[in-house]
Amino acid sequence: MVFQIKNIKYALALMLLGGTYACNELDIPPINVVQDKDAFTDAGMQAYMAALYSRMPIEDFKYSAQEGTEGFDTWNNIATPALNTGENANRNNGGFVNPARGYWKSGYQVIRNANYLIRELPKYAPSLTQPKVDKWIAEARFVRAFTYFALAKRYGGVPITEDVQSLDGTTLESLQIPRSSEQQIYDFILADLDFVMATMPEASEQSGRVNKNIAAAFKSRVALTAGSIARYANPFVKDGIMLCGIPKEKANDYFKAAFQAAKSIEGKYSLYMKKWSASDKISTADNYADLFLDNASPETIFAKGYSYPEAVHSFDAVYAPPHMTSTYGDRFNPTLDYVELFDGLPKNAKGQLKTTDEKGNYIVYDYVEQLFENCEPRLRGTVLLPGQPIKGVRTDLRRGTLVETVDPSVPIPKFIPEDMTSGYNSNAFYNSNVKQSGTWNNQTPIVLSNGQSINPSGLDGPTSANNATITGFHGRKWLMPNLAPAATALHRSNQSWIEMRYAEVLLNRAEAALELHQNGVTEVDGVALLNDAFENINQIRNRGGAVLLKTAAELSSAPALAPGTGVGGYVLAPTRGLQLVRIERRKELAFENKLWWDMLRWRTADAEVNARIWRKCNPFLFAKGAVAESSDYVKGKYIFDCRFEERSSRFTIATKNYYEAIPGGELIANPKLVQNEQY
């Protein structure tokens, strides 16, 4: 279901939606600009609903911690929470990127507009008909629930209001509402969603509008979050109210609600499998990439649409590899830590990519693609690997070139010892035998003995000055493969943002089922929870071309792998089974603005990201025997050096970041508000 923002009728929307919550300076629209009798008509309601949906806090291509109004609707997305989680890295940000942008005032404006419709629309039921009124009220309650969830996951308990506040006949003090408990806000959200599920049909009135199944999918996300907070968060109690945190005894109740909501839409959606093949890894990789670009995908539950030229974003210009854009590029650099989560790669005992032999010498590969050619297809559908074709060209990744006097048959010890941050210039062999470049687009060519000239570094990096990619990879997910490099410019992208898809619902269901099973509840509504979690994880893994779990016993309550002891050991979890579920979420949902909130609800962020340096993979070409087949593809032997990212940028997430600070202006306007801990 794709909501097309190009269809918004802004004129009427602006006239209708001017109010604001009383904790802010009141901004009441002029009287009689639009009368309710004109707004609450069939035509007027289309504009009212379009305006409500347009202001939902969807963390899409225009969501950024760098600029914009409260983090939403910005033109570039260079600074996103994914920089904190190890999904992504870029040269602009060398440390923690605080996503807190004080989303509060705009949220309460949306809530006020929803409340106004809920209060006033029933008066017009005789002319509009009761079924229409009921559906529109349910839609308003969905938008209200979505907005309250955006507030709750940032602040914990916030003021709840179902009234349309104004100063008419009231005192300012009476409008100042204290914070409710975090449990109360989640229960309020879930009650709204239950109303929507009970009221709405399975078909939406228009594409991109809510229906029963969309509400159920969202409920699975909300209830899963509440369950995690109850299980893992430390409470913050003030004046007898648990403003942050939920009583631990409530955890199973919320996990059960999440499971049931996810289960209720079984058969209503399906995983995208249009190109999937059990025998063709490239086709399966393309299938995964395509699901984010196909507006007819059976996996898409709720999406925000864009359309060129009237409603666009700049994802491709900001995130495409540099030689595939006409402007920006190169800010989409998946880390080696993320890449190493995938199957089909050679790994050492630590679970890290193995590119050296038992003697510590580099393994030599016959061509740049060889190291990754057996990888899990979902990796190739998510990340652009060395030599991978897209946009009619190839991803050209190379940190440097070994001069022709260096024979690939002679062993080369690792340049920098494992787990050290030293620069390559500390290695004498490297200084004498490796040519490199500080830029991707102005390189001094190497002339080979065959007369060909090649770049010492790839056109897409990584370079010695840490531009282009800083990790040795670029991202593929969301990129438009048919947008030619010359047309890849700012404000030209129009792919839809998928806010909810069925894969997330299956992952929500599996996690909720396992949380219940490992905490004393083995069955819900006749469904054996452990086996259900096993089957749903394997659905996701099968579509991605990953190695399937053999038995449900693998989702065990045994201790999780510790960091450095196996694949995904850095993904913290209380048990091995939950660790596998969390790894699967990272692989499947990366770059979708979900994992930051996952790490917060699990309360693992501060321990997992503590003076953390993300890792990278540097390809190096042997000039000896190399042949340039095109400007962006040199056929020849390669070695790969896995190391800490060369800037040695350290990332740390403080415990206070589990909640944001309530904006100072709100505390002044409403003395009844209590600030969160550590602020």
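Bear in mind the structure is a predicted one, so any value in this text is a computation, not a measurement. (Residues numbered from 1 in each chain as written. Predicted model: local features only at pLDDT ≥ 70, side-chain atom pairs only at ≥ 80, totals over all residues. Heavy atoms only, no water.)

Colleague: So what exactly am I meant to see when it comes to the overall build of the protein here?
Modeller: The secondary structure content of the protein amounts to 21 helices and 21 strands. In summary, the protein has a C-alpha radius of gyration of 26 Å against a globular reference of 26 Å for 679 residues, a match within 12%. Taken along its principal axes, the extent of the C-alpha atoms in the protein is 85 × 55 × 50 Å. For the protein, buried positions account for 61% of its 679 residues. For the protein, long-range pairs separated by at least 24 residues make up 73% of all intrachain contacts whose partners lie at least 6 apart in sequence. (Helix = DSSP H or I, 4+ residues; strand = E, 2+ residues; numbered from the N terminus. Rg over C-alpha atoms; globule rule 2.2 N^0.38 Å. Buried < 20%, exposed > 50% of the residue type's maximum accessible area, 1.4 Å probe, protein only. Contact = heavy atoms within 4.5 Å.)

Colleague: Where do I start with the sheet that holds strand β10 (residues 400-402) in this structure?
Modeller: Two modes of strand pairing occur in sheets, parallel and antiparallel, and in both the strands are linked by backbone hydrogen bonds. As summarised here, the arrangement of the 4 strands in space is β11-β10-β18-β21, forming an open sheet in which the pairing is mixed. The open sheet has two edge strands, β11 (434-435) and β21 (638-644), and neither has a second partner. Sheet topology note: the β10/β11 ladder contains 2 bridges and is antiparallel. Among the inter-strand pairings, Leu402 is bridged to a residue of β11, identified as Val434. (Pairing = 2+ DSSP bridges.)

Colleague: Mind showing me how you'd approach the environment of Thr655 here?
Modeller: Here Thr655 shows up in the loop between β21 and α21 (664-669). Under the relative-accessibility criterion, Thr655 is labelled partly exposed at 37%. For the pair Thr655 and Asp606, spaced 49 residues apart in the sequence, the C-alpha separation amounts to 5.8 Å. If we skip the residues at most four places from it in the chain, Thr655 touches Asp606 and Gln678. A polar atom in the side chain of Thr655 sits 3.1 Å from the side chain of Gln678. (Polar contact = N/O pair within 3.5 Å; in protein donor to acceptor, adjacent residues only side chain to side chain.)

Colleague: Would you mind going over empty space enclosed by the protein with me for this structure?
Modeller: Gaps left between atoms are located by rolling a probe of water-molecule size over the structure's atoms. Considering all chains together, one arrives at 11 cavities of 30 Å³ or more under this definition. What the largest cavity holds in volume is close to 320 Å³. In terms of lining residues, the largest cavity is bounded by 27 residues, among which Phe149, Lys153, Arg221, Thr225 and Trp597 are the most central. Among the elements of the structure, α7 (130-155), α9 (212-232), α16 (502-517) and α19 (595-602) are those that each provide at least two residues to the lining of the largest cavity. Counted by class, the lining of the largest cavity contains 12 nonpolar, 3 polar and 12 charged residues. Considering only enclosed or pocket space, the second largest cavity measures out at about 110 Å³ in volume. Every residue lining the second largest cavity is listed: Asp60, Phe61, Tyr63, Asn77, Thr80, Ala82, Asn88, Phe315, Tyr319, Trp497, Phe591 and Asn593. (1 Å grid on protein atoms, 1.4 Å probe; cavity = no way out; pocket = protein on both sides within 12 Å on 5 of 7 lines; lining within 4 Å. Points joined across faces, edges and corners; volume = space filled by probe spheres on them. Nonpolar A, V, L, I, M, F, W, Y, C, P; charged D, E, K, R; others polar.)

Colleague: Can you help me understand the packing of α7 against helix α8 (residues 182-199) in this one?
Modeller: Two measures define how a pair of helices packs: the angle their axes make with one another and the distance between the axes. Relative to each other, α7 and α8 sit at 155°, their axes nearing to 9 Å. When the axes of α7 and α8 are compared, the pair comes out roughly antiparallel. Pair α7 / α8 crosses with left-handed handedness. Contact with α7, carried on its side by Asp134, Lys135, Ile137, Ala138, Arg141, Phe142, Arg144, Ala145, Tyr148, Phe149, Ala152 and Lys153, involves Glu182, Ile185, Tyr186, Phe188, Ile189, Ala191, Asp192, Leu193, Phe195, Val196 and Thr199 of α8 and no other residues of that element. Classifying every residue of the contact of α7 with α8 gives 15 nonpolar, 1 polar and 7 charged. (Axes fitted to C-alpha atoms, helices over the stretch in contact; angles between N-to-C directions. Parallel < 35°, antiparallel > 145°, perpendicular 65-115°, else oblique. Left-handed = near helix turned anticlockwise from the far one by under 90°.)

Colleague: What should I look at first to understand the packing of α9 against α16 in this one?
Modeller: Where α9 meets α16, the closest approach of the two axes is 10 Å, and the angle between their N-to-C directions is 35°. Two packed elements cross with a definite hand, and for α9 against α16 that hand is left-handed. Between α9 and α16, the contacting residues are Ala217, Ser220, Arg221, Leu224, Ser228, Arg231 and Tyr232 on the first element and Glu504, Val505, Asn508, Glu511, Ala512 and Glu515 on the second. Taken together, the residues of the contact of α9 with α16 sort by class into 5 nonpolar, 3 polar and 5 charged.

Colleague: Hey, could you run me through the packing of aromatic side chains in this one?
Modeller: For any pair of aromatic rings, geometry is given as the distance between the ring centres together with the angle between the planes. Applying the stated rule across the entire model yields 44 aromatic pairs. For the pair Tyr269 and Tyr502, a centre-to-centre distance of 6.4 Å together with 35° between the ring planes defines the contact as tilted. Highlighted residues: Tyr269 in the loop between α10 (251-264) and α11 (281-290) and Tyr502 in helix α16, separated in sequence by 233 residues. Accessibility classification places Tyr269 together with Tyr502 in one group, the buried group. When the ring of Tyr288 is compared with that of Phe292, the centres are 5.4 Å apart and the planes differ by 75°; the resulting orientation is edge-to-face. Considered together, Tyr288 and Phe292 belong to a single accessibility category, that of buried residues. Through pairs of rings, three or more aromatic residues link up here, namely Phe61, Tyr288, Phe292, Tyr306, Phe315, Tyr319, Phe332, Tyr338, Phe342, Trp478, Trp497 and Phe591. (Phe/Tyr/Trp six-rings, centres within 6.5 Å; stacked < 30°, edge-to-face > 60°.)

Colleague: Help me understand α16 in this model?
Modeller: Taking 1.5 Å as the rise per residue, α16 with 16 residues should run 22 Å; its terminal C-alpha atoms sit 22 Å apart, in good agreement. When you tally the buried positions in α16, you get 15 out of 16 residues, the bulk of the element. (Expected span 1.5 Å × (residues − 1).)

Colleague: I keep staring at unusual backbone geometry and nothing clicks. Help me out?
Modeller: For the bond from Tyr308 to Pro309, the omega torsion is 5°, close enough to zero to count as cis. Note that Pro309 resides in the loop between β5 (300-305) and α12 (315-319). With an omega of -5°, the peptide bond running from Gly461 to Pro462 counts as cis. One non-glycine residue, Asp73, lies in positive phi territory at about 60°. A relative accessible area of 60% means that Asp73 is categorised as exposed. The phi angle at Ser648 is positive, at roughly 55°, despite the residue not being glycine. Mapped onto the elements, Ser648 comes out in the loop between β21 and α21.

Colleague: Just checking my understanding: could you explain the side chain of Asn593 for this structure?
Modeller: Tracing the backbone shows Asn593 in the loop between α18 (576-589) and α19. A residue is classified by how much of its surface remains accessible, and Asn593, at 15% relative accessible area, is buried. A polar contact is formed between the side chain of Asn593 and the backbone oxygen of Glu59, at a distance of 2.9 Å. Apart from residues lying up to four places away in sequence, Asn593 is in contact with Glu59, Asp60, Tyr63, Thr80, Pro81 and Trp497.

Colleague: I tried to follow the state of the cysteines on my own but got confused; where do I start?
Modeller: Disulfide: a covalent bond connecting the sulfur atoms of a pair of cysteines. Applying the stated criterion across every chain yields a total of 0 disulfides. Unpaired in this structure, Cys617 has its nearest cysteine sulfur neighbour in Cys642, at a distance of 4.1 Å. Among the residues examined, Cys617 registers a relative accessible area of 1% and is labelled buried. (Disulfide = S-S within 2.5 Å.)

Colleague: What am I meant to see in the nonpolar core here?
Modeller: A general feature of soluble globular proteins is that nonpolar side chains tend to end up buried together. One finds Phe142 and Ile301 to be the most contacted residues of the largest nonpolar core, which totals 167 residues. Element by element, the count of residues in this core is highest for α7, at 15 residues. Grouped together as the second largest cluster of nonpolar side chains are 13 residues, Tyr362, Tyr424, Val434 and Phe622 included. (Core = buried A, V, L, I, M, F, W, Y, C linked by side-chain atoms within 4.5 Å.)

Colleague: Would you mind showing me how to read the confidence of the model for the protein here?
Modeller: In low-pLDDT segments, the atomic positions of the prediction should not be examined closely. Confidence along the protein averages 94 in pLDDT terms, with 95% of residues attaining 70 or more. Taken as a whole, residues 5-32 scores under 50 in pLDDT and shows 59 contacts with residues more than four places along the chain or in a different chain. (pLDDT = per-residue confidence, 0-100.)

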